[in-house]
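If you want the building blocks of each chain, they are given just below.
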Amino acid sequence: MAEIGSIGVEPVHSVASNGEIEPLSSGGLVHWGVRADDRWHIARDEQAVRQTIAEDGVSIETRLRVPGGDIVHRASSTPYRNTSLVIVEIENETPLPVAIALFTVGAGIWRCEGNALYRNNVSVISASKPVSHCLVAASEDGIMNALRLEENQTDEERAQSIEGSHVAIVFPLPHTSSLRLVFWVENKLDSLPPPDDLPNLEGIASGWNAHLDFGSTVVLDDERVQKVLVSARR
């Protein structure tokens, strides 16, 4: 398990080996899955998942193998208005289009509008692309059954307010494209900013490296060990 966070503000989040994210202070979580040509691949249930430190030396990178190649999930955090937001980028490295699902839980009234998911009229996930499906159910089995059916939804249907405790939102992800997301589990803000209004993962890593350069610096011949050391210092 890895941890991501921002200097001087909470919360700190854990990133499980399958890319599932939750705050250390509570049990809320967000996990993910991919619909490839063959079936839905839910990352926490799959064996073909590998995790490492991303090339930027800071982000946590989780790779899920599907037919045709890898879907890459990278996670980090950035400070925003006295809290710490999770930034996730999901990249399709396969030559085929896929769909990405994000799952979250919590009792409330849920709805999707444009690029955002709302709980009790407060945005909890903001994306760089419009939500194509918004599914709400009373149980995990119910949400998985709804996801497998995944009938086409109109804009009006997506925007309906539905009471429930298990939610999945789905995005199309063409080949070689990326999806950017920002979210948090503890509602400390009235609304979430669009992902493009926040630093990208490369910018977050540059900020960490500038901060760490004020402290001691160790240079090793082994680049892999060097990357692990930088991440541990963060």
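Details of the structure are given in the entry above.
Residues numbered from 1 in each chain as written. Predicted model: local features only at pLDDT ≥ 70, side-chain atom pairs only at ≥ 80, totals over all residues. Heavy atoms only, no water.

Is there a simple way to think about the packing of aromatic side chains in this case?
Think of a pair of aromatic rings as described by two things: how far the centres are apart, and how the planes are tilted against each other in angle. Under the definition given, this model contains zero aromatic pairs. The ring of tyrosine 118 has arginine 111 lying over it, and the distance from NZ or CZ to the ring centre is 4.3 Å. (Phe/Tyr/Trp six-rings, centres within 6.5 Å; stacked < 30°, edge-to-face > 60°. Lys NZ or Arg CZ within 6 Å of the ring centre and 35° of its normal.)

I would appreciate a short explanation of the side chain of asparagine 18 in the present structure.
Mapped onto the elements of the fold, asparagine 18 is located in the loop between strand 2 (9-15) and strand 3 (21-23). Since its relative accessible area comes to 16%, asparagine 18 is described here as buried. Beyond its immediate sequence surroundings of up to four residues, asparagine 18 is in contact with Trp32, Ala43, Arg44, Val49, Gln51 and Thr62. (Helix = DSSP H or I, 4+ residues; strand = E, 2+ residues; numbered from the N terminus. Buried < 20%, exposed > 50% of the residue type's maximum accessible area, 1.4 Å probe, protein only. Contact = heavy atoms within 4.5 Å.)

Sorry if this is basic, but what is going on with helix 1 (residues 140-149) here?
For an α-helix, 3.6 residues make a turn, and residues three or four places apart therefore share a direction. Buried within helix 1 are the following residues: Ile143, Met144 and Leu147. Seen from one end, helix 1 has its buried residues packed into an arc of 100°, which puts them on one side. Away from the buried face of helix 1 by more than 90 degrees, exposed residues Asp141, Arg148 and Leu149 are located. Packed against the buried residues of helix 1 are strand 5 (40-42), strand 10 (98-113), strand 13 (133-137) and strand 14 (162-173). Sitting at the head of helix 1, serine 139 places a side-chain oxygen 3.0 Å from the backbone nitrogen of glycine 142. (Arc of directions from axis to C-beta. Polar contact = N/O pair within 3.5 Å; in protein donor to acceptor, adjacent residues only side chain to side chain.)

I keep staring at the pairing of strand 13 and nothing clicks. Help me out?
Within a regular strand, side chains alternate between the sheet's two faces. Counting buried positions along strand 13 yields five of five residues, so the element is predominantly enclosed. The alternating pattern of strand 13 places His133, Leu135 and Ala137 on one face and Cys134 and Val136 on the opposite face, and all of these are buried. Pairing of strand 13 with strand 14, which is carried by five bridges, proceeds in the antiparallel orientation. Residue leucine 135 lies in a different strand from strand 14, and its bridge partner there is alanine 168. (Pairing = 2+ DSSP bridges.)

What is the right way to read the state of the cysteines from this model?
When the sulfur atoms of two cysteines share a covalent bond, that bond is a disulfide. Inspection of every chain in the model, using the stated rule, returns one disulfide. Covalently, cysteine 112 is tied to cysteine 134 through a disulfide, its sulfur atoms 2.3 Å apart. The disulfide joining cysteine 112 to cysteine 134 has a torsion of about 75° about its S-S bond and is therefore right-handed. Separated by 22 residues along the polypeptide, cysteine 112 in strand 10 and cysteine 134 in strand 13 bring together distant segments of the chain. An identical accessibility class is assigned to cysteine 112 and cysteine 134; each is buried. (Disulfide = S-S within 2.5 Å.)

Before we go on, may I ask you to explain a nonpolar patch on the surface in this structure?
On the surface, Met1, Val12 and Leu24 cluster together to form a nonpolar patch covering roughly 310 Å² of accessible area. Mapping valine 12 onto the fold places it in strand 2. Judged by relative accessible area, which is 32%, valine 12 ranks as partly exposed. (Patch = residues over 30% accessible without salt bridge, like charges linked within 9 Å, V, L, I, M, F, W, Y side chains within 5 Å. Areas by Shrake-Rupley, 256 points an atom, 1.4 Å probe, with all protein chains shown as cover. Salt bridge = Lys/Arg side-chain N within 4 Å of Asp/Glu carboxyl O.)

Explanation requested: the environment of methionine 144 in the structure shown.
Looking at the element boundaries, methionine 144 is found in helix 1. Methionine 144 sits 24 residues away from alanine 168 along the chain, and the two C-alpha atoms are 8.6 Å apart. Those residues in contact with methionine 144, other than ones at most four positions away along the chain, are Ile42 and Phe103.

What is the right way to look at the environment of serine 84 in this model?
Within the secondary structure, serine 84 sits in strand 9 (residues 83-92). Owing to a relative accessible area of 0%, serine 84 belongs among the buried residues under this scheme. For the pair serine 84 and glycine 8, spaced 76 residues apart in sequence, the C-alpha separation works out to 9.1 Å. Once you skip the residues sitting within four places of it in the chain, serine 84 turns out to touch Gly5, Ser6, Val9, Glu10, Pro11, His13, Ser77, Thr78 and Pro79.

Sorry if this is basic, but what is going on with the environment of leucine 149 here?
Counting through the fold element by element, leucine 149 comes out in helix 1. On the basis of relative accessibility, which here comes to 63%, the residue leucine 149 falls in the exposed class. Sequence separation between leucine 149 and arginine 224 is 75 residues; the distance between their C-alpha atoms is 43 Å.

In short, geometric facts, not functional conclusions.
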